[in-house]
Structure formats: structure tokens, C-alpha cells
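Structure assessment
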Amino acid sequence: MFVVFLLLLWGSLLFPPAAYYVWMLMRIRRRNVSVSVNFAYQPYVTLIVPTYNEATVIAKKLENINELDYPENKLQVIIIDSSSIDGTLDEVKTFLNKTNFRFQIILLSEKERLGKSHALNVALKYSAGEIIATSDADSFWEKDALKKAVSYFADPSIGAVTGKEELINLRRGVYTLSEGVYRKFYYNLRLGESIIHSTLIFQGELALYRRTAFEEFEDAPGYSDDIGTVINIVSRGYRCIFIPEAIFYDTAAFSFRGRLRVKSRRSEHLVSGIIKSLKLKIKGRLPVMWRIIFFNFYLHVISPILLTLAILATAILYFVNFNSLWFLGLFFILLLIKKLRVFLISYITGNLALILGLIPFITGKRSNVWKKVDEMRLKNYNF
Ligand code: GDD
Ligand code: MN
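Sequence order as written defines the numbering, with residues in each chain counted from 1. Each chain takes a letter, starting from A, and each ligand takes a number, starting from 1, following the order in which they are written. Two thresholds apply to this predicted model, a pLDDT of at least 70 for residue-level local features and 80 or more for giving and counting side-chain atom pairs, whereas whole-chain, interface and lining totals are computed over all residues. The basis for the side-chain values is all heavy atoms of the structure; hydrogens and waters are excluded.

As a further point, take the overall build of the protein chain. The number of helices and strands found in the protein chain is eleven helices and eight strands. On C-alpha atoms alone, the protein chain measures out to a radius of gyration of 22 Å, which is about the 21 Å that the 2.2 N^0.38 rule sets for 383 residues. Taking the principal axes of its C-alpha atoms as reference, the protein chain extends roughly 70 × 45 × 40 Å. Put simply, of all contacts in the protein chain between residues at least 6 apart along the chain, 85% involve residues at least 24 apart. Computed by Shrake-Rupley with a 1.4 Å probe, the accessible areas treat only the displayed protein chains as cover when residues are assessed. Per element, the accessible surface of the protein chain, about 17,900 Å² overall, is 62% carbon and sulfur. Every helix listed is a DSSP run of H or I at least four residues long, and every strand listed is a run of E at least two residues long, numbered separately from the N terminus. As a reference, a globule follows 2.2 Å times the number of residues to the power 0.38, and the radius of gyration itself is taken over C-alpha atoms. Two residues form a contact once any of their heavy atoms are found within 4.5 Å.

Structure (C-alpha cells):
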């Protein structure tokens, strides 16, 4: 009886996500995102980079922006700092003094740190772009990423566009490799969802929004600027899509602690967004297929809970029938295979982070101010 229950439990962890993945792969194979892309369309863009204690990377970031392939009179850059205490603004000023910066640039400073979304909203008041782009101090764009992403806005149905992350330090260790595994799975889902209509999961490291499609970035506690805002835009009827050809570079945490810290905070944002999308769908205010909302809810909220139950139940069964030592042995032998180990670490840490991300949601202690993970800022960037 108990064994049947266990098999059902593991089955319910395996089959729904696998079914969703296969469905998305089929969509990707069958057609492209049906949008009329136009490279001649080059509207005025405002790129906002919010910073809090980013002195180690901000000069590199500005250098990267300066290399963007976009007309000089069509890009405005806004750096908004929230009273960093590591000299971020000095770094910006020193850089600008010795560089011929090609685009218009505005430096803003908030007296108090109230989180990333708050900072973006302050910057929004100074923005002149028809398209508002966001990026982070620690992420770097391919030269053509902006041009490619903007071209999709020639189609009036598009409300927002996000790009693809490449990990700079992918091979650093098992934790960075397991982030790579997660990303691969994740991107096929995002692409399939975008082909059907929209993906609700965006990345603020490279995100572009049509100015007329939203008033402000979502700033409610527990939500993120990217996912939170995109859900609002989709609920207004626009399509919000992931385009793999707009590439940005970012780092992954390489320690267990770092990985869990960053993933659990991102998960809090993810879970808030997914629960909100479910609520909006129930009210009939989200033009995204029910199946997509359901599977995302399953993957991000149900699965982590089921996995915890499955591990506990398996452990109980194991200790009751202690004679099955060969099983444990087999498990450890399998772990010697690096690919399997990485996959397992990715799966377990990902789900653990989702459980941790659910806690603030339940306890009501939600926040959108977070602590920087230092190991994700490299001294030397090579990409
Ligand atoms: N001005 C300002 N004020 N900027 C901030 C604040 C703040 O209070 N907090 C964070 N930032 C800036 C950071 O300096 C960085 O440029 C950017 O926001 C992202 O912060 P990271 O610490 O690099 O977070 P991440 O790599 O996990 O970011 C990812 O998740 C976030 C949501 O959880 C990205 O997808 C972000 O775009 C996303 O907002
Ligand atoms: Mn970052």
C-alpha cells in the first residue's frame, strides 16, 4: 500500500513537468514567435540601471553600454543609485570623466534605500523613451542585443521583451553547472510560452517595456520589477515574449549558501507572481492559456511540496526496511556520474529554494529589498 503511494508520489513529480516540457518542445519545433520584426524601427529608448553597492562592476557595465549598437541620439541611460556606501557613484563619475560616453546619461541618487523597483520608478519620472529597458550592474549585453530586442516592438501587440542569459562562470563548479541545467530547461519553457502567447517569467537583467503599456514597475512587497510588471502588462492584453537571440551575460553563485540565498529570494518573487497570475486568470483577466498557468503553478508551488513529502516518505520506508542497503549503495554509485550529480543538485536546490521562497508568502514577511551576493561579482569578466 505504502509503496503504491510512494510510486504515485514520485510519478506525480515526474510526469506533469515532463508533459509540459514535451508540449513546449513541440511548440518550439512547429513554429516561430509570430511577430513582425522590423530592424528599421529604432525608437527612443531609456535604459535604467539601478545600483546598490556595485562599485566593483559599475565601470565595466558602463563600458558595456557604451559599446551597444544603437543610434547615439536614440538612447538615454539613467543610473539610479540608492545611497550606496561603497563609492559606486564615484566610480561612475571617474569613468565618465575619462571616457567619451556616446549616449545621454543621467545620474540619480536616492537618499534612502527602498528597493530596486522603487528606484526604477523614480528613474521612470526622468525617462523620455518610448521603450523602457532595464538592466543590472552585474549583467552585460551582447552589442546587438538592444537592437534585436527593440525590433519586436514594431509589432503593436508586443508589450515587453526579455532576453537570454549566458553564464560567464558556468564551469566553475557543480553549483554553477546546476544553474546551467536549470536555465536550459527554463528557456525551452519560456520560448514555448512566448510562441503560444506570452511568458510571465522575465529577467530584469535584459527587459524592455513599451512605455504606454504600463504606468509603474510593480513595487508591492514580495514582487519583483520584472515578473510583477510583466503580469500587469499581459493582463492589459499585450504579448510579453522571451527572445533567445538577445543575449546577456551574468554569473551564477558557486557556493551552496550563495546559491540558496539568491535562488530563494528569486523564488519568492517567482512564487508571488505565479500565485498572482492564478488569481488573475480565475477572474478572467489574463489572456494566457489555463494549461500554462496551471503547469507553472504546479512546477513552482505544488512540486516542491510534493518533493519534500516524497523524500520524507522514501526515507521512512527505507528505515523501516533496513535490510535494503544495496539501494543506498546504488544511489551513491549513481552519484559518481557527474552529469547525474549536477542534475540532482539542480533539482534539489531549485525545489528547496522554492520552498524557502514560499515561506515569506505564508508568514506575510515579504520584502523587495535584498542583500547582494558578493560571490556573483567577479573581479575579471571574460565573455
Ligand atoms: N537603486 C537600487 N536600489 N538598486 C538596487 C537595489 C536598491 O535597493 N537593490 C538591488 N539593486 C540593484 C543591484 O545593484 C543590481 O544592479 C540589480 O538591482 C539586481 O540586483 P542583484 O543583487 O544583482 O540581484 P539578481 O542578480 O538576483 O537579480 C535578478 O533577480 C531580481 C529579482 O529577484 C534579476 O533578474 C533582477 O533583474 C531582478 O530584479
Ligand atoms: Mn545580479
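Here we come to the nonpolar core. Buried Ala, Val, Leu, Ile, Met, Phe, Trp, Tyr and Cys residues form a nonpolar core when they are joined through side-chain atoms within 4.5 Å. Burial status follows relative accessibility: with a 1.4 Å probe on protein chains alone, a residue under 20% of its type maximum counts as buried, one over 50% as exposed, and anything between as partly exposed. By size, the foremost hydrophobic cluster in this structure holds 94 residues, and its most contacted members are Leu-75, Trp-141, Leu-146 and Leu-208. A per-element tally of this core places strand β8 (residues 239-250) first, with eight residues. When sequence neighbours within four positions are dropped, the list of residues in contact with Leu-146 reads Val-45, Leu-68, Tyr-70, Leu-75, Trp-141 and Leu-208. Leu-6, Leu-9, Leu-306 and Ala-310 belong to the second-largest nonpolar core, a separate cluster that totals eight residues.

Another aspect to go through is the coordination of the manganese ion (ligand 2). Every protein donor of the manganese ion (ligand 2) is listed here as Asp-138 (OD) and Asp-138 (OD), and their distances to the metal cover 2.2 to 2.7 Å. Relative to the assigned elements, Asp-138 resides in the loop between β4 (131-134) and β5 (140-141). In this description, a donor is an N, O or S atom within 2.8 Å of the metal centre, a cutoff extended to 3.2 Å for sodium, potassium and calcium. Water is not part of the atom list, which can make sites seem incomplete.

For the rest of this paragraph, the subject is the packing of helix α2 (residues 58-66) against helix α3 (residues 88-98). Relative to each other, α2 and α3 sit at 40°, their axes nearing to 9 Å. In this view, α2 runs oblique relative to α3, as classed from their interaxial angle. Taken as a pair, α2 and α3 cross one another with a handedness that is right-handed. Here Ile-58, Ala-59, Leu-62 and Glu-63 of α2 lie close against α3, whose contacting residues are Thr-88, Glu-91, Val-92 and Phe-95. In this classification, the charged set is Asp, Glu, Lys and Arg, the nonpolar set is Ala, Val, Leu, Ile, Met, Phe, Trp, Tyr, Cys and Pro, and all remaining amino acids, among them Gly, are polar. Split by residue class, the contact of α2 with α3 holds five nonpolar, one polar and two charged. Axes, fitted as lines to C-alpha atoms, cover a helix only where it is in contact. Angles between the N-to-C directions of the axes lie from 0 to 180 degrees. Every angle not falling under 35 degrees, over 145, or within 65 to 115 is termed oblique; those three ranges are roughly parallel, roughly antiparallel and roughly perpendicular. In this scheme the crossing of two helices becomes right-handed for a clockwise turn of the near helix relative to the far one and left-handed for an anticlockwise turn of less than a right angle.

The way it works is a 1 Å grid over only the protein atoms, where trapped points that fit a 1.4 Å probe form a cavity and open points with protein on both sides within 12 Å along at least five of seven lines form a pocket, and then any residue with an atom within 4 Å of a point lines it. Grid points are joined across faces, edges and corners, and a volume is the space filled by probe spheres set on the points. Inspection of every chain in the model, using the stated rule, returns two cavities of 30 Å³ or more. By volume, the largest cavity is sized at about 50 Å³. Every residue along the wall of the largest cavity is listed here: Glu-179, Thr-251, Ala-252, Ala-253, Arg-259, Val-262, Lys-263, Arg-266 and Met-376. In terms of residue count, the dominant contributor to the lining of the largest cavity is helix α8 (residues 256-282) (four residues). Here the lining of the largest cavity is built from residues that sort into four nonpolar, one polar and four charged. Of the volumes computed, that of the second largest cavity is approximately 40 Å³. If you trace the second largest cavity, you find it lined by Glu-193, Ser-198, Thr-199, Leu-200, Ile-201, Ile-274, Ile-292 and Asn-296. Counted by class, the lining of the second largest cavity contains four nonpolar, three polar and one charged residues.

Looking now at the site of ligand 1. Residues are counted as near a molecule or strand when any one of their heavy atoms sits within 4 Å of it. Around ligand 1, the structure places 24 residues, and the nearest of them are Glu-54, Arg-113, Lys-116, Asp-225 and His-269. Polar contacts, as used here, are pairs of N or O atoms within 3.5 Å; protein pairs need one atom able to donate a hydrogen and one able to accept it. Residues neighboring in sequence count only if both atoms are side-chain atoms. Side-chain polar atom of Asp-138 to an oxygen atom of ligand 1: 3.2 Å apart, as the coordinates give it. Side-chain polar atom of Asp-226 to an oxygen atom of ligand 1: 3.4 Å apart, as the coordinates give it. Calculation on ligand 1 without its partners gives an accessible area of 740 Å², and the protein chains cover 97% of this total. At the level of elements, β1 (45-51), α4 (116-124), α7 (225-235) and α8 are the ones that each hand at least two residues to the shell around ligand 1. Looking at the shell around ligand 1 residue by residue, the class counts come to seven nonpolar, six polar and eleven charged.

Glancing now at the layout of surface pockets. What the second largest pocket holds in volume is close to 840 Å³. Considering the residues around the second largest pocket, the lining is formed by 22 residues, among which Trp-10, Thr-314, Phe-327, Phe-331 and Leu-344 are closest to the centre. Elements represented by at least two residues in the lining of the second largest pocket include exactly α1 (2-30), α9 (290-320), α10 (325-335) and α11 (338-363).

With that out of the way, let us pick up the pattern of salt bridges. Any Lys or Arg side-chain nitrogen located within 4 Å of an Asp or Glu carboxyl oxygen qualifies as a salt bridge. Counted according to the given criterion, the structure contains 16 salt bridges. It is possible to trace a salt-bridge network through shared partners that takes in Glu-165, Glu-179, Arg-183, Arg-259 and Lys-263.

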